[in-house]
Amino acid sequence: MTRVVEAKSFDIAKREVWEAYKRVKAKRGAAGGDGVTIAEFEQDLSKNLYRIWNRMASGSYLPPPVMRVDIPKGDGRTRPLGIPTVADRIAQMVVQRRLEPLLEPVFHASSYGYRPGRSAHDALRVARNQCWRHDWVLDLDIKGFFDNIDHDLLMKAVRRHTDCRWALLYIERWLKADVLMPDGMLMMRNKGTPQGGVISPVLANLFLHYAFDRWMVRHRPKVPFERYADDIICHCDSQAEAESLRIELQERLAACQLELHPEKTRVVYCADANRRGEHDVRRFDFLGYTFKPRAAMNRRGRLFTSFSPAVSDKAGKAMRHEIRGWGLQLLNRYDLDELLARIRPVLVGWVRYYGLFHPSSLQRALKPLDHDLVRWAQRKYKKLRGRYMRAWDWLRALRHRAPTFFPHWSAATMTTER
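All figures in this text were calculated on a predicted structure; none of them were measured in a lab.

Caption draft 1: Local environment of the overall build of the chain. Counting its regular elements, the chain contains 14 helices and 11 strands. For the chain, the spread of C-alpha atoms along the three principal axes comes to 80 × 60 × 40 Å. Working note: accessible area of the chain is about 22000 Å², and carbon and sulfur atoms make up 50% of it. Between the averaged position of the 73 positive side-chain charges in the chain and that of its 48 negative side-chain charges there is a distance of 6 Å.

What follows is the structure, given as C-alpha cells:
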C-alpha cells in the first residue's frame, strides 16, 4: 500500500505547534474574540492543533480579529490591550519561538523587558545603582508606543534577521489583522502591534533596538540606560546633557514615526545627602517603583538621605483599590485560613515584586488590608462585635504569634538590598 505524504508549502513540524501550545497553556490568559477558553480548546485538542499546523504549513493561516479590552490606568484613563484567540496565540508562539533565538544574541544588554533570564527587578537594581553614580535622569515616555509602531520599518528590521518565508508572511498578517472593538465593530489597522499579543513583545523590542538602543550606542555611548519594553530611563552627569539628549531623542524617535510625550518626559535631579541643589523635579516612576530622596541607614547605623526606589504611589493606590473590591469585612462566613487562601496568591505576588526595596513602604501601602481584617473579625467573632480597639488587639496578638501568616506582615522585615 502506497503511503500518501502531505505536501506543504512551509516546513513547520507538528512538534513546533505542540511545544507552542504548552507554553500558551502555561501562561493561561483569557478567551479571545471567539469566546473559546483554553479548557474549551482542549476538549478537542488534537483536532484543533492539527488545524493550526495544517493551515500554517500550507500558507493558508489567516489571523482572526484581535479583541480589544481597555484596562484602567492609575490616572483614570485606560490602556488598550489586544487579546488574540487561543488558537492564534498558539500560532503566534510558533513564530515567536523561531524568532527569539535569532534576536536574543543581538539585543542590547540594557534591554530587560520580555526577555528570557531577565526581569524588571534586574532593571530596577541597575537603575538604582546608576542613580547613585549619575546626578541626573532623563525619564522617557513614548506616546502610545505599541499603537504607533510603523509596519514598514518593523518589517525592514525583521528581514535583517530572518529570511524565513512563513515567519515573515505571518508576522505581516498579524500586524494587519483587524481589531474587534468593545462595541462589536471591526477596525482596520495600518500601524501598531497589539499590546497583549504573543508576538508583540519581541517585535516591540526589535523596533526599539534599532530606534533607540543602537542609536544610543552610536551617538551617546557614555550614557547608560535601562529599557524595559518602552519604559526607558537614561543617566546623565549634568542637566545640560540630559536636556540636549531629550532634544536629540525627540528628533530620532520622530524619524521612526514615534513621539515623546511632552509632559511625561522629564529631566530629574537625583537629590541625596551629597546633592542638595534646588531643582523642581526630584522623583520619577519606573516599573511600579518611585525613585526619590529617602531616609536610609548607613552601615554605622546613622540616618542619611539616599536617592532610592520604593513602591510607587500609583501602584499602592491600585493595590488598595483591589483590596476594597475584595470586601473582606463581609466574608465572615469563611474562617481565617479560608480567607487567607482566597487572597494569599495576590498578596504573595505583591510582596515579591514591590518588596524588593524599602519593603516597609509596601507594608504602609497595604495598611488598609489590616483595617479590613479588623472589621472582618468584628463580624466573625461575637466577643469582638462593637469593640473596635479590642479587635485591633486581636489582630496584633495574631501577628505576634504568627508574623508571617499574612504575607504583607513579613514585608517590613524583609532585607532590603544595599
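Caption draft 2: Seen up close, the nonpolar core. Among the nonpolar cores identified, the biggest contains 71 residues, and M56, I90, W166 and C234 are the most heavily contacted of them. Setting aside anything within four residues of it in sequence, one finds C234 in contact with W136, V137, L138, L140, F212, M216, V223, P224, F225 and L245. Counting 51 residues, the second-largest nonpolar core is a separate cluster that includes F307, M319, L331 and Y354.

Caption draft 3: Spatial organisation of the sheet that holds strand β7 (residues 231-236). The four strands lie next to each other as β6-β7-β3-β8, forming an open sheet whose pairing is antiparallel. Each edge of the sheet is formed by a strand with only one pairing partner; in this case those strands are β6 (225-228) and β8 (266-269). Going from strand to strand, the sheet's axes swing by 20° on average, the running direction of each strand aside. Contacting β3 (136-141), β6 and β7, helix α8 (residues 200-219) crosses the sheet at an angle of about 175° to β6.

Caption draft 4: Highlighting unusual backbone geometry. The backbone of R28 sits at a positive phi, close to 60°, despite the residue not being glycine. Relative to the assigned elements, R28 resides in the loop between α1 (14-27) and α2 (38-41). When its relative accessible area of 64% is taken as the criterion, R28 is described as exposed. Positive phi is not limited to glycine here, since A229 has a value of about 55°. Looking at where A229 falls in the secondary structure, it is placed in the loop between β6 and β7.

Caption draft 5: Geometry of the packing of α8 against helix α9 (residues 239-255). Remark: α8 packs on α9, axes separated minimally by 10 Å, with the N-to-C direction vectors making an angle of 140°. When the axis of α8 is compared with that of α9, the two are oblique. In the packing of α8 onto α9, the handedness of the crossing is right-handed. Contacts between α8 and α9 pair Y210, A211, F212, W215 and M216 from the former with L245, E248, L249, R252 and L253 from the latter. Residues belonging to the contact of α8 with α9 are distributed by class as follows: eight nonpolar, no polar and two charged.

Caption draft 6: Inspection of the pattern of salt bridges at higher detail. Enumeration according to the criterion identifies 15 salt bridges in this entry. R98 is the salt-bridge partner of E16, the closest N and O atoms lying 2.9 Å from each other. In this pair, E16 is assigned in helix α1 and R98 in helix α4 (residues 86-103), connecting sequence segments 82 residues apart. Taken together, the shared-partner salt bridges in this structure form one network comprising R15, E19 and K22.

Caption draft 7: The arrangement of the confidence of the model for the chain in detail. Looking at the chain, pLDDT values average 91 and 95% of them are 70 or higher. Throughout residues 1-5 the model reports pLDDT below 50, and contacts reaching past four residues in sequence, or to other chains, amount to zero contacts. Low pLDDT, under 50, characterises residues 414-418; the predicted model gives this stretch 13 contacts beyond four residues in sequence or across chains.

Caption draft 8: The arrangement of the sheet that holds strand β11 (residues 303-311) in detail. As summarised here, the arrangement of the three strands in space is β9-β10-β11, forming an open sheet in which the pairing is antiparallel. Looking at the sheet topology across the chains shown, the edges are occupied by β9 (284-286) and β11. Averaged over all pairs of adjacent strands, the angle between their axes in this sheet comes to 50°, without regard to strand direction. Across nine bridges, the pairing between strand β10 (residues 289-297) and β11 is antiparallel. Bridge pairing links F291 to P309 in β11.

Caption draft 9: Geometry of the pairing of β10. Relative to β10, β9 runs antiparallel, the two being bridged by three bridges. What sits directly across from F284, in β10, is F291. Counted along the chain from β9 to the antiparallel partner β10, the turn is two residues long, and its residue L287 has a positive phi close to 55°. Between β10 and β11, which pair antiparallel and follow one another directly, the connecting turn spans five residues, one of which, G301, has a positive phi of 80°.

Definitions and limits used
Residues numbered from 1 in each chain as written. Predicted model: local features only at pLDDT ≥ 70, side-chain atom pairs only at ≥ 80, totals over all residues. Heavy atoms only, no water. Helix = DSSP H or I, 4+ residues; strand = E, 2+ residues; numbered from the N terminus. Areas by Shrake-Rupley, 256 points an atom, 1.4 Å probe, with all protein chains shown as cover. Lys, Arg positive; Asp, Glu negative; His and termini not counted. Charge placed at Lys NZ, Arg CZ, Asp CG, Glu CD. Core = buried A, V, L, I, M, F, W, Y, C linked by side-chain atoms within 4.5 Å. Buried < 20%, exposed > 50% of the residue type's maximum accessible area, 1.4 Å probe, protein only. Contact = heavy atoms within 4.5 Å. Pairing = 2+ DSSP bridges. Axes fitted to C-alpha atoms, helices over the stretch in contact; angles between N-to-C directions. Parallel < 35°, antiparallel > 145°, perpendicular 65-115°, else oblique. Left-handed = near helix turned anticlockwise from the far one by under 90°. Nonpolar A, V, L, I, M, F, W, Y, C, P; charged D, E, K, R; others polar. Salt bridge = Lys/Arg side-chain N within 4 Å of Asp/Glu carboxyl O. pLDDT = per-residue confidence, 0-100.

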